[in-house]
Amino acid sequence: MDLIKLADRLYPDITTFPEDMEKRYPKRNLPADAKVTRFAPSPTGFVHFGSLLPTRVSERLAHQSGGVMFLRIEDTDSKRYVEGAVENMIKTYDYYNIKFDEGATIDGDVGDYGPYRQSERKEIYQTYAKQLIREGKAYPCFCTAEELDEMRAQQEALDEDPGYYGKWAKWRDASDEDIEAALDGGIPFALRFRSEGNPSRKINFTDLVKGEVTVSENFIDHVILKSDGIPTYHFAHAVDDQLMGTTHVVRGEEWLPSLPFHIQLFKALGFRLPKYLHISQLMKLEDGNKKKLSKRDNEAAVSYFTEKGYSSEAVVEYIMTLLNSNYEEWRAANPDKPYTEFPFNVKKMSPSGCLFDEDKLNDVSRNTVSRMTADKVYNDVTEWAEHFDPELYSYLTADREKAIRIFSIGRGGKKPRKDITIWGDVKDYVSLFYDSLFKVIDQWPEEFSKSDIKAALESFIESYNPADDQSAWFDKIKVTAAELGFAPEMKQYKSEPEKYKGSVADISMFIRIAVTGRINSPDLYEIMSIIGAERVKARISAAVDSL
RNA sequence: GGCCCGUUGGUCAAGCGGUUAAGACACGGCCCUUUCACGGCUGUAACAGCGGUUCGAUUCCGCUACGGGUCACCA
């Protein structure tokens, strides 16, 4: 059959040509070195932690160069579609400060290169597919799923390469009569690419992350349009990234094996090939082996981190350190600059896969939180608690000033305290400041007599004056120590420990236990001034009574 | 199994022919210190193996081993 006729017979509704599409989507008007990147997820609703890496790379590449990053929804597989997934994804990425300039949004598409949902681009794909048929570069295949399964089984039995190619490609060179008959019989067909590739020929290709990659030409006649007329990923990738003007394709390394086919497709369509960045997968250690972070692992979902209360800033910091190892060094030199000022460099990306390290994340998170202002901590914790810890939320919102004073302890200055790693730590941290969360402990150090402890507490409470400044306050504790036969100065105690029952440190400990219910706490003086004299007295006398 | 990618301490990683092989996390010790935390100092610990090329290989090449990815009308 004449190829033009075949094209018309296969896709009679398509009256447009590739030129029409090129006109519909003119070249972007951007500075010469501006990069156009994209994120193209399928809307399953699940946001994988690992996806924060390629999206961050795309985001940095685009925004660092004055370019554009857009969101395209790859909803070509209707079986995968989950209601509300797109909205959820947009919100999640937004939380981690990945904002799309263009593409699918909650309120619909924004931008001149849409539609940005592949399910709405059928006419566009078929226009190009039809042209390929006219040029003899694509042909219909009427095989059923069962036939294809059988073919694979035979290939396996014969130990031959699996796939639809050469002598196995039943419809590649089918006669006109056979095609007519199948069409007349209404048999559904998929459109396959006619590959002229030779596996013994090698292509050298430069990936911006992996470097020089040598691959064999593709020789499989892959499906480009499924029998429902919807494209496969490969075809959609070529058409969309051409029309949308993508300059840099950032994707997981699992796409590397299909690269030869993509190169072939771009060439057949007359498209210019974008630059590629195939980035390694995030792994986890399991039974001594590196394993891909799979959906079953709870750390795989970003929601896991949100629920535990990792601040979005901390996660961004961690992702940046994974992406560019010199980021940490830069951060140490520039503790207060936004990460967007870091000169992100593709060349610093590692070609090998790395392990997700929770210890490292925690360390980064602690440091990130320690750099925040008390106001910022208050706002973020409150927002988190509203969703994940209503009780904490009620305490924080009942007295905002108090909460901010608590978060101010040891904050600011060169050596901030690092008590909080995740928002999930906060409740325990603040519990001693709220009577209903406060837990009295009955564990006094055994090396001291209860009467000494009692005497120390009584003496302290008698001399306690909330108006004292910190040194006056501590001097009184020293006096108490001396009166009870404890060394008022640590140095004295250390040089002649046998002369004393203990030291001022021990006296402080008694007071700390009585006031905070813990052996360790932030600065006692500040704690007392926050909870107030009344509460200090009440807690100490309760402790005295219990002794 | 075929094809592709990868391999420096427990982890993340500098290095890009000549280094006492950085640094960070984790772990241990010491110091500072009213506790804790912070901070400072310090310690343990690595070029997967074997062959080449070279005056000289962690660095270049090959093989092996191990790890990962991929072989759909899924993305």
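Residues numbered from 1 in each chain as written. Chains lettered and ligands numbered in written order. Predicted model: local features only at pLDDT ≥ 70, side-chain atom pairs only at ≥ 80, totals over all residues. Heavy atoms only, no water.

## Let's talk about the layout of surface pockets
Looking at the second largest pocket, its volume works out to about 470 Å³. It is helix α14 (residues 374-388) that contributes the most residues to the lining of the second largest pocket, 6 residues altogether. (1 Å grid on protein atoms, 1.4 Å probe; cavity = no way out; pocket = protein on both sides within 12 Å on 5 of 7 lines; lining within 4 Å. Points joined across faces, edges and corners; volume = space filled by probe spheres on them. Helix = DSSP H or I, 4+ residues; strand = E, 2+ residues; numbered from the N terminus.)

## Quick word on the sheet that holds strand β5 (residues 138-141)
In space, the 3 strands of this open sheet follow the order β5-β6-β9, with antiparallel pairing throughout. Looking at strand neighbours, the two that pair on one side only are β5 and β9 (223-225), the edges of this open sheet. Between one strand axis and the next, the sheet turns through 45 degrees on average, direction left out of account. Summarising the sheet, strand β6 (residues 190-193) and β9 pair through 2 bridges and their orientation is antiparallel. Of the residues in β9, the one forming a bridge with arginine 192 is valine 223. (Pairing = 2+ DSSP bridges. Axes fitted to C-alpha atoms, helices over the stretch in contact; angles between N-to-C directions.)

## Things to note about the sheet that holds strand β1 (residues 36-39)
Spatial strand order, β1-β2-β3-β4: 4 strands in an open sheet with mixed pairing. Looking at which strands have only one partner, the edges of the open sheet turn out to be β1 and β4 (108-110). Direction aside, the axes of adjacent strands within the sheet are offset by 20 degrees on average. In this sheet, strand β2 (residues 68-71) lies alongside β1 in parallel orientation, the contact comprising 4 bridges. For arginine 38, the partnering residue across the bridge sits in β2 and is phenylalanine 70.

## Here's the deal with the packing of helix α18 (residues 450-463) against helix α23 (residues 533-546)
Where α18 meets α23, the closest approach of the two axes is 10 Å, and the angle between their N-to-C directions is 155 degrees. One way to sum up the angle between α18 and α23 is to call them roughly antiparallel. Taken as a pair, α18 and α23 cross one another with a handedness that is left-handed. Note on element contacts: α23 touches α18 through Val536, Lys537, Ile540, Ala543 and Val544, opposite Lys454, Leu457, Glu458, Phe460 and Ile461. Broken down by class, the residue content of the contact of α18 with α23 amounts to 7 nonpolar, no polar and 3 charged. (Parallel < 35°, antiparallel > 145°, perpendicular 65-115°, else oblique. Left-handed = near helix turned anticlockwise from the far one by under 90°. Contact = heavy atoms within 4.5 Å. Nonpolar A, V, L, I, M, F, W, Y, C, P; charged D, E, K, R; others polar.)

## A short note on the side chain of glutamine 242
Considering the arrangement of structural elements, one finds glutamine 242 in helix α8 (residues 233-243). Side-chain polar atoms of glutamine 242 contact the side chain of arginine 272, separated by 3.3 Å. Beyond its immediate chain neighbours, meaning those up to four positions away, glutamine 242 contacts Glu22, His237, Phe271 and Arg272. (Polar contact = N/O pair within 3.5 Å; in protein donor to acceptor, adjacent residues only side chain to side chain.)

## Things to note about the confidence of the model for chain A
In this model, chain A carries a mean pLDDT of 91, and residues with pLDDT of at least 70 account for 98%. Two summary scores accompany this predicted model of the complex, namely pTM at 0.91 and ipTM at 0.92. (pLDDT = per-residue confidence, 0-100.)

## Comments concerning empty space enclosed by the protein
Taken as a whole, this structure holds 2 cavities of 30 Å³ or more when the rule is applied. If you add up the space inside the largest cavity, you get close to 70 Å³. Forming the boundary of the largest cavity are Ile406, Phe407, Ile409, Gly410, Arg411, Arg417, Asp419, Ile420 and Tyr429. In terms of residue class, the lining of the largest cavity is made up of 5 nonpolar, 1 polar and 3 charged. Its boundaries defined by the atoms lining it, the second largest cavity holds a volume of some 30 Å³. Every residue lining the second largest cavity is listed: Leu52, Arg56, Tyr96, Ile98, Val315, Val316 and Ile319. Elements with a contribution of two residues or more to the lining of the second largest cavity: α3 (52-64) and α11 (312-323).

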